[in-house]
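Here is how the chains run, residue by residue.
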Amino acid sequence: RVTAPRAAGAAPPSDAALSLWLAAAQTVSWGTLFTVFPLFVAPMEAELGWSRAEINGALTAGLLAAGLAAIPAGRWVDRLWLFYLVWGAIGVAQAGALAEPAYAVVVANARDARRAITGMTFITGFTGTIFLPLGGALIEALGWRGALVTLAALQVVPGLITAVLLRGTRPGLTGAAEGSSGPLRRALRRRAFWALALCFCVHAFLQTGIIFHLIPLLQERGLPPASVLLVVAMHGPCQVASRAALFALGKRAGPLPVGLAATASLPLAMLALGLAGDGLAALFGFALLWGVANGMMLIIRATGVAEFLGAEGYGQISGALAT
């Protein structure tokens, strides 16, 4: 690890403060920039006359922009190409606000990065549980446009947390090494990098497909809105439960067995969803497997990179994996 002097006059945050404040910032950022999008599909489809495929295509453009911006918002208008352009800007914001940058701060500053990141995810695992009901209530009360303005205003929270409460943190590369792509070049020559990239890519493809189509899919099965939100909201507590188990096991839960468990859980969850029909008990089983898969894989994405590829240059290496 290459370290640097801390900001003058700023006391270094403890691991607990680092985890708490970054978790709060991540929860709001994920909730406003990512999690609530499925709630907006139906009202936008009805008002704007765009197909579900076109609306989700804009989401895909945003995810692509987030990936392309990982290494190195405009206004709503009723024109499809500008809608895609806005989502491209959202994707760039996601690259700077979600997951990888926060984990890079922890890896560079925490005394026990794995434990600190696992502690963070106890809070961020409830993002869907918080923001799906909140997003639904805002859409009902203010309409989808007013809901978006409110969610945009909430982004002040992670901005203030990052600017004020995390003073004294240090970067992962400084001095002569700052701006160097050496750690990334070395990582790209290792088979472990490409194995992780393939694993993360497949998991993200399946996970994103579930997240952004689950609410319309459950609605089409005739489930009442309260049941739909209950099934989706269970994802958060199930994520947290899996991370609590990992936290309790500590170093006895190595990255390889945890990664294998996460990789196996997601296809099992999809199978359970396909066979569940409209039965709530079976759908709860799906939510359990889905939450466990995502909960464990997020820990592997956050800590496994440093354990397999080293902590130096963590930000650029994890950014390359995100791309």
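Structure report, in brief. Bear in mind that the values here come from a model prediction, so they are computed numbers and not experimental data.

The rules behind the values
Every chain's residues receive numbers from 1 upward, in the order its sequence appears when written. Given that the model is predicted, a residue must reach a pLDDT of at least 70 before its local features are reported, and side-chain atom pairs must reach 80 or more before they are shown or counted; all residues, however, enter totals for whole chains, interfaces and linings. Note that water and hydrogens are dropped before the side-chain values are worked out from all heavy atoms of the structure. In this text, helices come from DSSP runs of H or I with a minimum length of four residues, and strands from runs of E with a minimum of two, each type numbered from the N-terminal end. Residue exposure (1.4 Å probe, protein chains only): buried if accessible area is under 20% of the type maximum, exposed if over 50%, otherwise partly exposed. Here the Shrake-Rupley method, with its probe set to 1.4 Å, supplies the accessible areas, and only the displayed protein chains count as covering residues. Side-chain rings of Phe, Tyr and Trp (the six-membered ring for Trp) are treated as a pair once their centres are within 6.5 Å; stacked means planes under 30 degrees apart, edge-to-face means over 60, and tilted covers the remaining angles. Lysine NZ or arginine CZ positioned within 6 Å of the ring centre and within 35 degrees of the ring normal marks a charge as sitting over the ring. Residue contacts are counted whenever heavy atoms from the two residues lie within 4.5 Å of one another. What counts as an axis is a line fitted to C-alpha atoms, over the stretch in contact for a helix, and the angles between N-to-C directions run from 0 to 180 degrees. Orientation labels follow simple angle bins: below 35 degrees gives roughly parallel, above 145 gives roughly antiparallel, 65 to 115 gives roughly perpendicular, and whatever is left gives oblique. Two helices cross in a left-handed way if the nearer one is turned anticlockwise from the farther one by less than a right angle. They cross in a right-handed way if the turn is clockwise. Under the scheme applied, nonpolar residues are Ala, Val, Leu, Ile, Met, Phe, Trp, Tyr, Cys and Pro; charged residues are Asp, Glu, Lys and Arg; polar residues are all the others, including Gly. In a helix, the anticipated span is given by 1.5 Å times the number of residues less one.

So, about the overall build of the protein. A count of helical and extended segments in the protein gives 15 helices and 0 strands. Classification of the 323 residues of the protein by burial places 47% in the buried group. Looking at the protein as shown, the accessible area adds up to about 14,900 Å², and 68% of this sits on carbon and sulfur atoms.

On to the packing of aromatic side chains, then. In the structure shown here, the tally under the stated rule is 5 aromatic pairs. Residues Phe34 and Phe212 carry aromatic rings whose centres are separated by 5.0 Å and whose planes lie at 75° to one another, so their mutual orientation is edge-to-face. Here the two residues Phe34 and Phe212 agree in accessibility, since each one is buried. Relative accessible area serves as the criterion here: at 2%, Phe212 is assigned to the buried category. Every member of this aromatic cluster is reached through a ring pair, and the members are Trp30, Phe34, Phe37 and Phe212. Just above the ring of Phe200 sits the side chain of Arg301; from NZ or CZ to the centre is 5.5 Å.

Among the secondary structure elements, His203 is positioned in helix α10 (residues 191–220). With relative accessibility at 9%, the residue His203 sits in the buried group. With near-sequence residues (within four places) excluded, His203 lies in contact with Ala262, Leu266, Ala293, Asn294 and Met297.

The relative placement of two packed helices is expressed as an angle between their axes plus a distance between the axes. Taken N-terminus to C-terminus, the directions of helix α6 (residues 113–124) and helix α12 (residues 235–249) make an angle of 160°; their axes are 9 Å apart at the nearest point. As the angle between them shows, α6 and α12 are arranged roughly antiparallel. Here α6 runs over α12; the crossing is left-handed. Residues Arg115, Thr118, Gly119, Thr121, Phe122 and Thr124 of α6 pack against Val240, Arg243, Ala244 and Phe247 of α12. Among the residues forming the contact of α6 with α12, the class breakdown is 4 nonpolar, 4 polar and 2 charged.

Attention now goes to helix α4 (residues 80–97). Since one α-helical turn is 3.6 residues long, residues separated by three or four positions face the same way. When the terminal C-alpha atoms of α4 are compared, their 25 Å separation across 18 residues agrees well with the 26 Å that a helix rising 1.5 Å per residue should span. Taken as a whole, α4 has its buried residues at Phe83, Val86, Trp87, Gly88, Ile90, Gly91, Gln94 and Ala95. Check the buried side of α4 and you find it contacts α1 (15–35), α2 (37–48), α3 (52–68) and α5 (100–109). Directly beyond the C-terminal end of α4, a positive phi value near 60° is found at Ala99.

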